[in-house]
Amino acid sequence: MSDSLKLQAPVAPWYKHRWPWLLMIGPGLSVVVGSFMGYIAFTQPDALVVGDYYKQGKAINQDLKRDTIASDLAMDTRLSYDVAQARLTGSVHSFGKAYQAPLQLHLAHATLPEKDIKVLVQPDAAGNFSVALPMLERSRWQVLVENDKREWRLSGIWTWPLQRSIALHADEEL
């Protein structure tokens, strides 16, 4: 044997060196973080994505017809929320006269469908109504007012509490 082979120090196995471990930290962390993000994505589905998008797309045409009917009836409504009394009050008119048929009010929360509010109200002879509601959450609400047979509708966006009240007019939607 040659002298150069006898003088070499024994080489430690790869796992006893620090460089392979330092090089593996990045890919290892990527796998851990990716697994965690995958877990979050599959256990908490996004509520804004719908599975029956084709069916909802066909329903848009029906909604446009309801907007046109509301415009033909010159419908308008005003809504306001009184924090002290925890009441949603409003009025609804057709051609400037009081509308007295039952109404469905739907306040859709911007991101959380479980916080949506649906109530059925009966306007009085002057077209006014009032309904008790729990504290209205600070949010951007999609407001939908329609008759109980869903023949017409008024819709709009209400940013509570920046807007203390909202007025919806059928002609503004078209």
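An unreviewed UniProt entry lists the chain under the name FixH family protein, from Janthinobacterium kumbetense.

A. Quick peek at the environment of Trp160. Counting through the fold element by element, Trp160 comes out in strand β8 (residues 153-160). Between the C-alpha atom of Trp160 and that of Trp141, which follows or precedes it by 19 residues, the distance is 7.3 Å. Excluding residues within four positions of it along the chain, Trp160 makes contact with Tyr81, Val83, Leu136, Glu137, Arg138, Ser139 and Trp141.

B. Focus on the pattern of salt bridges. Going through the model one piece at a time under the given rule, you end up with four salt bridges. In this structure, Arg66 engages Glu146 in a salt bridge whose closest nitrogen and oxygen atoms are separated by 2.3 Å. Of this pair, Arg66 sits in helix α3 (residues 53-72) while Glu146 sits in strand β7 (residues 139-147), and the two are 80 residues apart along the sequence. Across the pair, exposure class does not vary: Arg66 and Glu146 are buried alike.

The rules we used
Residues numbered from 1 in each chain as written. Predicted model: local features only at pLDDT ≥ 70, side-chain atom pairs only at ≥ 80, totals over all residues. Heavy atoms only, no water. Helix = DSSP H or I, 4+ residues; strand = E, 2+ residues; numbered from the N terminus. Contact = heavy atoms within 4.5 Å. Salt bridge = Lys/Arg side-chain N within 4 Å of Asp/Glu carboxyl O. Buried < 20%, exposed > 50% of the residue type's maximum accessible area, 1.4 Å probe, protein only.

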